[in-house]
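Listed below, chain by chain, are the residues.
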Amino acid sequence: MYHNPVEAMDRTALEELQVDRLKETIANAKNAPFYEARLSGVNPEDFKTVADIEKLPFTTKEDLRGQYPYGMLTRSLDEFVRLHASSGTTGTPTAVFYTQKDLDTWADLMARCMYACGCRKSDVLQNMSGYGLFTGGLGIHYGSERLGMLTVPAGAGNTKRQIKLIRDFNVSVLHIIPSFALYFAQKVQEEGFDTADMPWKIALIGAEPHTEEARQKIEDMMHIKAYNSYGLSEMNGPGVAFECVHQNGMHIWEDAYIVEIIDLDTGKHVAEGEIGELVMTTITREGMPIIRYRTRDLTRFMPGKCECGRTHRRIDRITGRADDMMILKGVNIYPMQIEQCLMAMPEVGQNYLIELVTEGITDQLKVKVEIKDEYFVEDMRSLQGLQKKIAKNLCNEILLTPRVELCQHNSIPKADGKAVRVIDTREK
Ligand code: ADP
Ligand code: ZN
């Protein structure tokens, strides 16, 4: 039923395990130049409960950048066997180093995630994300092998080849970035295949924010079950939190991480169930432990217990990064609010782009929206009607009327990896 019995561990025992591992982590972290200074005066023995973690200082992305490349490492370089780097979505990338033991722990966590959403040894997994420094390549790859699946390291792009591999090797599980999944679903149909006849049954989707509406669209278009996969390179990569078959929030593995959700401004824990910034501490990583890392990702703990019996708490889908918030005419807007509204409309196709521009003395919000072919008609009046309808629906959601531009499908440029949702050219 579980890949590892620890997934259903009694919570009291789980928290005891966390405290033991936290103490070890603090002691070990002090071997890294950064934490040697930052944690001087901190005694691991003073930590009696998980809540005591609040006594420790946060670690930020800026800290990691400041320590680039080796300042966070607890041992000499010859003990490390791999490095990865973050995608650099919000600035200079950070580097993460792994010992062989760290890679093993990561592969185990990853295999556990895949098992939880129904993958089995008999499955064939095609990894459609880029390999290289991005953790979604090798991270998923080794997890898949660890579970015993036949693994097809397809890498990103080249739609025709992807389809051929899937058909030739009877691929039952895809690892695919959600924005690419929407594009791919369309492409498969254009190549003359019925998505209902493809051998796949499970898609692991993650690496970028996406809404429930986008998931629905992927599931409907592809005839597949899509499971949300969350991770970040600073916490290994994918495999941090994952949906089980109930698709109701992502179990976050508390035997490997201590998880907190804090208020962005005060840094204090939010009330149970409220949205805040996810903060994580690695408690099984030996080479590069990170304490109270401020992920900048916004989420909340889901209430109640999961029907699957796993005791590790679930977090809600990430609503965005704290840095994603756009402020326009005094209104706070997140890109995912826009996606949610667009993807719920039957006329809307697979892609969209948000542009913030300065026109004259005011800032404007423009939303480019790809429209399905059957709605992209020559009749000017219906097009204007559709444009107005989208603007009105968006205004209901974000309280501001954007300028909507209708686009033909596949006309908005697609990034190779994570989607670029916002282009901001405002004069500051
Ligand atoms: P970067 O932060 O430069 O993009 P990473 O490749 O390490 O580098 O990506 C991790 C980030 O990707 C997370 O912090 C989060 O913002 C985003 N992310 C990953 N998985 C998901 C997911 N399932 N839902 C939403 N966002 C996600
Ligand atoms: Zn569950």
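Residues numbered from 1 in each chain as written. Chains lettered and ligands numbered in written order. Predicted model: local features only at pLDDT ≥ 70, side-chain atom pairs only at ≥ 80, totals over all residues. Heavy atoms only, no water.

A. Region of interest: the packing of helix H8 (residues 212-222) against helix H9 (residues 335-343). One can describe the packing of H8 onto H9 by two numbers: an axis separation of 8 Å at closest approach and a directional angle of 40 degrees. Classified by the interaxial angle, the pair formed by H8 and H9 is oblique. Of the residues in H9, those touching H8 at Glu 213, Ala 214 and Lys 217 are Glu 339, Gln 340 and Met 343. In terms of residue class, the contact of H8 with H9 is made up of two nonpolar, one polar and three charged. (Axes fitted to C-alpha atoms, helices over the stretch in contact; angles between N-to-C directions. Helix = DSSP H or I, 4+ residues; strand = E, 2+ residues; numbered from the N terminus. Parallel < 35°, antiparallel > 145°, perpendicular 65-115°, else oblique. Contact = heavy atoms within 4.5 Å. Nonpolar A, V, L, I, M, F, W, Y, C, P; charged D, E, K, R; others polar.)

B. Molecular detail of H9. Burial runs high along H9: eight of the nine residues are buried. All of the buried residues along H9 are Pro 335, Met 336, Gln 337, Ile 338, Glu 339, Cys 341, Leu 342 and Met 343. (Buried < 20%, exposed > 50% of the residue type's maximum accessible area, 1.4 Å probe, protein only.)

C. Highlighting the sheet that holds strand S18 (residues 362-371). One open sheet accounts for four strands, arranged S19-S18-S17-S20; its pairing is mixed. Edge positions in the sheet fall to strand S19 (403-407) and strand S20 (422-424), since each has one partner strand and no second. Between one strand and the next, the sheet's axes are offset by a mean angle of 20 degrees, whatever the strand orientation. For strand S17 (residues 348-359) and S20, the ladder comprises three bridges, and the chain directions are parallel. Bridge pairing in S20 places Ile 354 opposite Val 422. Relative to S17, H9 is tilted by about 140 degrees, and along the sheet it contacts S17, S18 and S20. (Pairing = 2+ DSSP bridges.)

D. Geometry of the environment of Asp 108. If you trace the backbone, Asp 108 turns up in helix H4 (residues 100-116). With residues up to four places along the chain from it excluded, the contact list for Asp 108 reads His 3 and Arg 146.

E. Inspection of the domain arrangement of the protein chain at higher detail. One can read the domain layout of the protein chain as domain 1 (1-322) and domain 2 (325-424). Spacing between the C-alpha centres of domain 1 and domain 2 amounts to 30 Å. Each partner contributes residues to the interface: domain 1 has 24 residues there, and domain 2 has 18 residues. Contact with domain 2 buries area across many residues of domain 1, yet Thr 211, Glu 213 and Lys 217 alone supply 27% of it, more than any other trio. Viewed at the interface, domain 2 and domain 1 are joined by zero salt bridges. Elements represented by at least two residues in the side of domain 1 that touches domain 2 include exactly helix H7 (178-190) and H8. A per-element tally of the side of domain 1 that touches domain 2 places H7 first, with seven residues. Considered class by class, the residues forming the side of domain 1 that touches domain 2 number 11 nonpolar, seven polar and six charged. (Domains from an automatic or database assignment. Buried area = accessible area lost by both parts, 1.4 Å probe. Salt bridge = Lys/Arg side-chain N within 4 Å of Asp/Glu carboxyl O.)

F. Quick look at the side chain of Glu 7. One can find Glu 7 in the segment before helix H1 (11-29). Under the relative-accessibility criterion, Glu 7 is labelled buried at 0%. Of the polar contacts made by the side chain of Glu 7, one reaches the backbone nitrogen of Asn 4; its length is 2.8 Å. In contact with Glu 7, not counting residues within four places along its chain, are Tyr 2, Arg 112, Trp 253, Arg 310, Thr 311 and His 312. (Polar contact = N/O pair within 3.5 Å; in protein donor to acceptor, adjacent residues only side chain to side chain.)

G. Structural view of the pairing of S17. Within S17, 10 of the 12 residues are buried, which leaves the element mostly enclosed by the surrounding structure. Where S17 meets S18, nine bridges bridge the pair, whose relative direction is antiparallel. Across the sheet, residue Thr 358 finds its bridge partner in S18, namely Asp 363.

H. A look at the packing of aromatic side chains. Evaluation of the coordinates by the stated rule reveals seven aromatic pairs. Residues Tyr 98 and Trp 106 carry aromatic rings whose centres are separated by 5.0 Å and whose planes lie at 10 degrees to one another, so their mutual orientation is stacked. Each member of the pair Tyr 98 and Trp 106 is classed as buried. A network of ring pairs unites the aromatic residues Phe 180, Tyr 183, Phe 184 and Trp 200 as a single cluster. Directly above the ring of Trp 253 sits Arg 112, whose terminal nitrogen or CZ lies 4.8 Å from the centroid. Across from the ring centre of Phe 58, 5.1 Å away, lies the NZ or CZ of Arg 294, which sits over that ring. (Phe/Tyr/Trp six-rings, centres within 6.5 Å; stacked < 30°, edge-to-face > 60°. Lys NZ or Arg CZ within 6 Å of the ring centre and 35° of its normal.)

I. The arrangement of the site of ligand 1 in detail. Around ligand 1, the surrounding shell holds 20 residues, and the nearest of these are Ser 87, Gly 88, Thr 89, Ser 233 and Asp 297. One of the side-chain nitrogen or oxygen atoms of Ser 233 is found 2.6 Å away from an oxygen atom of ligand 1. Within the side chain of Lys 418, a nitrogen or oxygen atom sits 2.7 Å from an oxygen atom of ligand 1. Protein coverage of the free-state accessible area of ligand 1, which is 560 Å², stands at 97%. Taken atom by atom, the bulk of ligand 1 overlaps the largest cavity. Among the elements that make up the shell around ligand 1, the one with the highest residue count is strand S7 (residues 225-232) (five residues). Residues that form the shell around ligand 1 fall into these classes: six nonpolar, nine polar and five charged. (Near = heavy atom within 4 Å. Areas by Shrake-Rupley, 256 points an atom, 1.4 Å probe, with all protein chains shown as cover. 1 Å grid on protein atoms, 1.4 Å probe; cavity = no way out; pocket = protein on both sides within 12 Å on 5 of 7 lines; lining within 4 Å. Sits in = over half its atoms within 2 Å of the grid points.)

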